[in-house]
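These are the residues of each chain, in order.
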Amino acid sequence: MNRNAAWRRKMIYLGIIVVMLLPLYLLGQPATGSTTGGAGGSLARLQDELNLSVADLGEIDPASESMKLATLGMRGVAATVLWQKSHDYQRYQEWDRLSATLNQIALLQPHFEKVWEYQAHNLSYNVSVEFDDYRQRYKWVKQGTDFLTRGVKLNRREPRLVWFTGWFFGQKIGMSDEKTQFRELFRNDEAFHEKILNDGIGINGPDARGPDGKPDNWLVGRLWLYRGYDLVDSGVPLINKSPLTFYDIGPKWRIRFADAIEDEGTLDESAKFAWQAAKKDWDSFGQRDIETTEGFTIKLGSVETSRLRVADIERQFDELTGNRREEIREQRFGQLSQEVQDAFNTPDAEKTPEQYRMVFDNQGKLAASMKEVALELEKSKQLTGLRLAEEYATADRYAKKVEAYRRQTNYPYWEGRCIAEQDDRTIDARRFVMEANELLDEAELDQALEKYELAWAAWASVYEDHPLLVSDESAMDLMQSIRRYARMLDEEDLPEDFPLSVFVEMQNEDNEDADEYARRYATWKAKRAKAAEAEAEEEKAAEKPKEEPAEKSEKPAEEPEMKEAPAAEEKESADKPEDKPEDKPEDKPEDKPEDKPEDKPEDKPEDKPEDKPEDKPEDKPEEKPEDEPKSDSEKTSDGDE
């Protein structure tokens, strides 16, 4: 009895299973592709509608499908075990087993994007650093990027994986500690280039090659990123990724390329063209529609337009309301305590922390909203006022979001840098510093000194017009060159007129504020201009006394020449000081009117001094001294005797 009952129960269970298998078969019947009944069951049709079938997600991998069937529905358990094994192999540094395990995980979970992201990062960043030889490290970096490209093939509707592939090509190869060696290995890795070409990246095109004609990792990474942009633009949704960070890396990789070739010594027209291309990419990014968290899209390059729009609506509203908002603000301001009013009226530079707090707490109490003011208008104007208030709120929200996103991406800095780096002065300044450092390494001190001085003048000019470069990464390298220059001069302090004095001062303070640099440099420049003007005046004053004696000595210099011969003869006859008319020339004007007022003008040798050189007394040595006309002083002296 009991045996028959057990048998019946088994048959009932078997019948239930058969009945349940029939609807499961009908629901899960795969699509066959035939014209009759080829759409498959309900689940297959639903997958096609939602683009969730294997063919829609990516390439069909037979090995992956076989692995799924082999687990007999235990794929999740198997994947968990393999993940744990991969951690153990990495901890014990069993790299071959780790690589094989990662391949098995990828076969079990080919459409789980985190598998590819995590393990690619693990290979490129964590495993590669375990090796001392940079060639081995480069090999594991390549394995990480190769792992990602396999994931891209199997997940063609995942822009994140495409984005991460471009990120790895740029960031890991171009910004690691071994970037110099990695970039050189990549440029000459022809086998890797062939594989990238097979992945659909135009590595042979001009957009992927550097100044030496070889593929550059930054440009190749940029091509991967723009492939992801095209995927999103075609309608594929971007999931679990901020549009802002998704779109700004591509233009930045072009900037990184221009920066890298300059660091490597390319400081000519190629560098200038690279920065021009970077500016073009950045402008395109500024005109791209970026979806925000508030449900509308913005353009980062439309900041000026958005501000003008807000100001225009505000002007229209104030014209309609007669500046009623300002009247309300003044009324409310008058209702504040005197202490709070004083806090508002105190300049920001002189406010105390307590006054700042009072201003912050009461700022919102003063403003009147446009809607509030519009409701006070008469009926005929209320509708227009409310419409303007709504437009203002929308435009203001848009402008604030644009400014916020620009701050997140540091948009003004990158835009300004692309403009500054195109300047010929910037390229010349970088080249002067590089050449000066090379000359100093070769102990060519005089030539190095000349190049350094050219570099400082060039950089001062660049920083004056583009102060944002003081916060550039190259500023640290420039500071090291300045220190080498100071050691070469063997001086503790740089000269006061050093062109980069303000730059050095701010670098020592770890201050990279571009606006602060502009203010300090303007002050320093004005101070140096005054000092130069004062030095010029001192030099002019020092030269003036030297010129005046020369002018005064012109006439006396002629008179001794005129009396040279007679004076020599007089010494032979008698040593009388009164015989020298030049001894007391200052007495002549006083003696003239007393002795001979106008009788004998010929007795006045001073009447025609211009004729003296013509008399040439030295030409008549035979004349006697007594024939020489006596001066008034001599006559006076004779009379006294």
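Residues numbered from 1 in each chain as written. Predicted model: local features only at pLDDT ≥ 70, side-chain atom pairs only at ≥ 80, totals over all residues. Heavy atoms only, no water.

Visitor: Explain the side chain of Ser-86 here, please?
Guide: Its location among the elements puts Ser-86 in helix α5 (residues 75-91). Residue Ser-86 is classed as buried on the basis of its relative accessible area, which comes to 3%. In contact with Ser-86, not counting residues within four places along its chain, are Leu-98, Thr-101, Leu-102, Ile-105 and Gln-119. (Helix = DSSP H or I, 4+ residues; strand = E, 2+ residues; numbered from the N terminus. Buried < 20%, exposed > 50% of the residue type's maximum accessible area, 1.4 Å probe, protein only. Contact = heavy atoms within 4.5 Å.)

Visitor: Explanation requested: the nonpolar core in the structure shown.
Guide: One recurring pattern in soluble globular proteins is that nonpolar side chains are buried together. Among the nonpolar cores identified, the biggest contains 71 residues, and Phe-169, Phe-186, Ile-196, Val-220, Trp-224 and Phe-285 are the most heavily contacted of them. For this core, the leading source of residues is helix α13 (residues 243-263), giving ten residues. Setting aside its immediate chain neighbours within four residues, Phe-186 contacts Tyr-138, Phe-169, Ile-173, Phe-192, His-193, Ile-196, Pro-215, Asp-216, Asn-217 and Val-220. Counting 32 residues, the second-largest nonpolar core is a separate cluster that includes Tyr-452, Tyr-463, Phe-503 and Tyr-517. (Core = buried A, V, L, I, M, F, W, Y, C linked by side-chain atoms within 4.5 Å.)

Visitor: Please explain a nonpolar patch on the surface as it appears in this structure.
Guide: Taken together, Trp-7, Met-11, Leu-14 and Val-18 make up a surface patch of nonpolar side chains, about 430 Å² in accessible area. Looking at where Leu-14 falls in the secondary structure, it is placed in helix α1 (residues 2-28). (Patch = residues over 30% accessible without salt bridge, like charges linked within 9 Å, V, L, I, M, F, W, Y side chains within 5 Å. Areas by Shrake-Rupley, 256 points an atom, 1.4 Å probe, with all protein chains shown as cover. Salt bridge = Lys/Arg side-chain N within 4 Å of Asp/Glu carboxyl O.)

Visitor: Where do I start with unusual backbone geometry in this structure?
Guide: Excluding glycine, residues mostly have negative phi values, and the peptide bonds linking residues are mostly trans. Phi at Asn-240 is positive, roughly 60 degrees, even though this residue is not glycine. Among the secondary structure elements, Asn-240 is positioned in the loop between α12 (217-233) and α13. Assessed through its relative accessible area of 62%, Asn-240 is described here as exposed.

Visitor: I keep staring at the pattern of salt bridges and nothing clicks. Help me out?
Guide: Side chains carrying opposite charge are able to pair once their charged atoms draw close together. Under the definition given, this model contains 59 salt bridges. Measuring nitrogen to oxygen at the nearest pair gives 3.4 Å for the salt bridge that ties Arg-187 to Asp-212. With a gap of 25 residues between them, Arg-187 in helix α10 (residues 179-187) and Asp-212 in the loop between α11 (190-198) and α12 connect regions that are remote in the sequence. Of the charged contacts in the structure, one is a salt bridge between Asp-472 and Arg-430, with a shortest N-O distance of 3.6 Å. In this pair, Asp-472 sits in the loop between α23 (445-465) and α24 (474-489) while Arg-430 sits in helix α22 (residues 424-441), placing the two residues 42 residues apart along the sequence. Grouping residues by exposure puts Asp-472 and Arg-430 together as buried. A single network of salt bridges, built from pairs that share partners, joins Arg-183, Glu-184, Arg-187, Asp-212, Asp-216 and Glu-264.

Visitor: Even after reading the chapter, I still don't get the packing of aromatic side chains, so can you show me in this structure?
Guide: Aromatic rings considered in pairs are described by the distance between their centres and by the relative angle of their planes. This model, assessed by the stated rule, comprises 35 aromatic pairs. An angle of 15 degrees between the planes, with centres 5.7 Å apart, marks the rings of Trp-163 and Trp-167 as stacked. Note that Trp-163 and Trp-167 are positioned in helix α9 (residues 159-175) at a spacing of four residues, about one turn of the helix. On the basis of relative accessible area, Trp-167 is assigned to the partly exposed category, the value being 24%. Ring plane angle 70 degrees and centroid distance 5.0 Å describe the contact between Tyr-413 and Trp-414, whose orientation is recorded as edge-to-face. Note on Tyr-413: relative accessible area 11%, which makes it buried. Judged by its relative accessible area of 10%, Trp-414 falls in the buried class. The cationic tip of Lys-142 hangs over the ring face of Phe-192; the distance from NZ or CZ to the ring centre is 5.3 Å. (Phe/Tyr/Trp six-rings, centres within 6.5 Å; stacked < 30°, edge-to-face > 60°. Lys NZ or Arg CZ within 6 Å of the ring centre and 35° of its normal.)

Visitor: Would you take a moment to explain the packing of helix α7 (residues 113-127) against α9 for this structure?
Guide: Two elements in contact, α7 and α9, have axes whose closest approach is 10 Å; the angle formed by their N-to-C orientations is 10 degrees. Taken together, the axes of α7 and α9 are roughly parallel relative to one another. Packed against α7, whose contacting residues are Glu-113, Lys-114, Trp-116, Glu-117, Ala-120, His-121, Ser-124 and Tyr-125, the element α9 presents Arg-160, Leu-161, Phe-164, Trp-167, Phe-168, Gln-171 and Lys-172 at the interface. Across the contact of α7 with α9, the residue classes break down as seven nonpolar, three polar and five charged. (Axes fitted to C-alpha atoms, helices over the stretch in contact; angles between N-to-C directions. Parallel < 35°, antiparallel > 145°, perpendicular 65-115°, else oblique. Nonpolar A, V, L, I, M, F, W, Y, C, P; charged D, E, K, R; others polar.)

This is a description of form; function is not addressed.
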